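For reference, the chains in residue letters:
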Amino acid sequence: MSSRIPLEVARVLRLGRPPEIWFKPALSVVAAVAPPNLTLVALDRLDLAMYTMAGSLCALYAHNRPYAARARTLAWVLLGMLGGIAAALLAASLTGSAVVLVTVGAVLAAVQKVLCDATRIGPPGNVILTFVSSAALFVPQTLAEIPGHLALGAAAGAWAWLVGMAPGLLRPHGPERRATAAALRAAAAYAESVREHPRAHAESAAEHDHTDGANAATALAAARQALLGAGRATDARRALGRLLGRAEIALAAPADADPDLLRAWARDLRGTGPVPLVDDLTLLRGEPAPRDPLWARVRPLGRLAVRTALGCAFAGYASLALGVGRPYWALVTAASLYQASFTLTWGRGVQRVVGNLLGVLLFAALVPLAHTGGLALVLCCAALNFGAEALIGRNYWLGSVCVTPMALLITEFAGFQDPGRLIGERVLDTIVGALVGLLAALAVPDRARARVVRSGRGTPRTLAGAEHREVPHPDQRTQSDTTEGVRP
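Residues numbered from 1 in each chain as written. Predicted model: local features only at pLDDT ≥ 70, side-chain atom pairs only at ≥ 80, totals over all residues. Heavy atoms only, no water.

**Q** Would you mind going over the overall build of the chain in detail, with residue names and values included?
**A** If you tally the helices and strands in the chain, you get 21 helices and zero strands. Counted over contacts in the chain with a minimum sequence separation of 6, partners at least 24 positions apart contribute 83%. In the structure as shown, the chain presents an accessible area of about 20,500 Å², 65% of it carried by carbon and sulfur atoms. (Helix = DSSP H or I, 4+ residues; strand = E, 2+ residues; numbered from the N terminus. Contact = heavy atoms within 4.5 Å. Areas by Shrake-Rupley, 256 points an atom, 1.4 Å probe, with all protein chains shown as cover.)

**Q** Please provide a residue-by-residue account of helix 17 (residues 374-391), values included.
**A** The end-to-end C-alpha distance of helix 17 is 26 Å, a good match for the 26 Å that 18 residues give at a rise of 1.5 Å each. Those residues of helix 17 that sit buried are Ala-376, Leu-377, Val-378, Cys-380, Cys-381, Ala-382, Leu-384, Asn-385, Gly-387, Ala-388, Glu-389 and Ala-390. Residues of helix 17 that are buried make contact with helix 2 (23-42), helix 3 (49-56), helix 16 (342-370) and helix 18 (396-410). (Expected span 1.5 Å × (residues − 1). Buried < 20%, exposed > 50% of the residue type's maximum accessible area, 1.4 Å probe, protein only.)

**Q** Outline the pattern of salt bridges, supporting the account with residue identities and numerical values.
**A** Two side chains with opposite charge may pair up if their charged atoms get near one another. Tallied over the full model, the rule gives eight salt bridges. The salt bridge involving Arg-326 is made with Glu-425; its shortest N-O contact spans 3.0 Å. Of the two residues, Arg-326 is situated in the loop between helix 14 (302-321) and helix 15 (328-337) and Glu-425 in helix 19 (residues 419-443); the sequence distance between them amounts to 99 residues. Residue Arg-326 is classed as buried on the basis of its relative accessible area, which comes to 12%. Residue class for Glu-425 comes out buried when judged on its relative accessible area of 11%. The shortest N-O distance in the salt bridge between Arg-421 and Glu-425 comes to 3.5 Å. With Arg-421 and Glu-425 both in helix 19 and four residues apart, the pair spans about one turn of that helix. (Salt bridge = Lys/Arg side-chain N within 4 Å of Asp/Glu carboxyl O.)

Note that all results are geometric; they support no functional claim without further evidence.
Okay, structure coming up:
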C-alpha cells in the first residue's frame with residue numbers, strides 16, 4: 001500500500017498537454033484586470049482594487065463557448081459575482097463576529113458550488129466566486145459604502161464582458177471551428193487506432209472505446225452542442241455541421257475512414273479561411289436537448305451542498321482557533337477540493353497543497369519588487385494572472401504556483417504587510433483547509449454521483465448520439481473534468 005502512494009501522487013502531479021487556446025484566456029484576463037487597476041494607481045486609490053478585480057475576473061469564463069452563448073454566460077457570471085459580493089459586504093457591515101462571517105462564507109460557498117455545477121458554467125467554476133465573496137467578508141465595511149463598491153465591480157465586469165466578446169469581431173465562428181476541428185482530429189485518431197490494431201479492436205472493442213473512441217465521441221458531441229448554441233444558422237455553420245457528419249461516419253465505420261483527410265479538414269479550419277465544403281452525409285441530426293428547470297438540476301446536489309458548507313465552515317473555524325487572521329483562505333481551500341468522487345477530491349487536495357507551498361516561495365521572491373510601489377504591485381499581479389492561466393491547463397498545481405502569490409499580493413492592495421506573517425498564514429490555512437475539506441468529503445459521501453462518474457463511459461456507437469443529450473462542451477465541464485481556470 002505504501003509503495004502505491006508515491007505512484008498515485010506522481011500521477012496526480014503529472015503534467016498534461018497545454019490546451020489549444022491557452023494564450024487566449026491568459027491574455028484576456030490581463031486585458032480585463034490591468035486597465036481598471038492602473039486607473040486606480042493613477043488615482044492613488046489602489047485600496048479599491050479588490051472590487052474592480054472581482055468584476056475583472058469574470059473574464060476567466062466561457063472562452064470555448066460560441067459568442068452568442070458566451071455573451072449570456074459572462075452576464076450571468078457577473079450577476080453571480082455581484083450577488084455574492086453584495087451578500088458578503090452586507091454581512092461585513094452588520095457584524096464583526098468572525099465566527100458568523102465564516103458561517104456566512106460557508107453558506108455562500110455551498111450555494112456557489114451547487115449553482116455552478118447545476119448550470120455547468122465551466123472552469124474556473126465556483127472557486128473564483130467563493131474567493132472574492134469570502135475575502136469581501138473580512139474587509140471593514142459600512143452600509144453606505146456598499147453601493148459604490150458594487151458599482152466599481154459592475155464597471156470592471158462590463159469591461160471584462162467586452163474583452164471576452166472582442167475576439168468575435170475578428171473570428172465570429174472561432175469557437176465552433178475549433179470544436180469541429182477537435183472532433184475531426186479525434187475521429188482521425190480513432191480510425192487510425194482501429195487500422196493499426198484491427199484484431200485487438202475486434203477482440204476487445206470496449207477497451208478501445210474507452211480511449212480513442214470515447215474521446216472522439218465526446219469531442220463530436222461537444223462540437224454538436226457548440227453549433228447548436230452558436231445562434232442562427234449561417235453558411236459557415238452549415239458547412240461545419242457537414243464536416244461533423246463526416247466525423248460521425250468515421251466513428252460508425254472507422255476501418256473505412258481516411259484519417260489524413262479528416263486531419264486535413266481540421267487544419268483548414270484554422271484561421272479565418274473558408275470552411276471546407278463536403279457533401280451532407282450526416283448520420284445523426286442534433287437537436288437542442290430540452291433542459292430540466294434549474295431546481296431539478298439543483299435538487300440532486302443536496303449532499304454536495306452539505307459537504308461544501310460543512311467543509312468550508314469547519315476549515316474556517318479551525319483557522320480561527322489557530323489564530324489566523326484570514327480564515328477565508330482555509331475556507332476557499334476547502335471549497336476548491338470537492339469533485340465528483342473522493343479519489344478526485346483527494347487528488348485535488350494534493351495538487352492544491354503542492355502548488356500553494358511552491359507559490360509562497362515565489363511570493364517571497366517577488367516581494368522586494370512588488371513592495372517598490374503600487375505600479376509594481378499591479379504589474380506583478382498582471383504577470384501572475386497571465387502565468388496562472390497559461391499554466392493551469394497543464395495541471396492544477398502548476399497554475400496554483402502563480403495563483404498563490406497573486407492572491408497574497410491582492411491582500412496588499414490596501415497597504416504593504418509583513419511577508420513572513422502572510423506566508424505563515426497561507427501555509428497554515430492551506431494545510432488546515434485541505435485536511436478539513438477531505439474529512440468533510442469522507443463524512444458526507446455522494447456515492448450516487450461517484451457511480452455516475454465511474455460508469456459514464458460508453459462505446460463510440462452509444463456516445464456518437466450523445467448530442468441528443470446534454471453533453472458538456474469542453475468549456476462547460478465541471479471542475480472534476482478539467483484543470484483549466486484560475487483558482488485562488
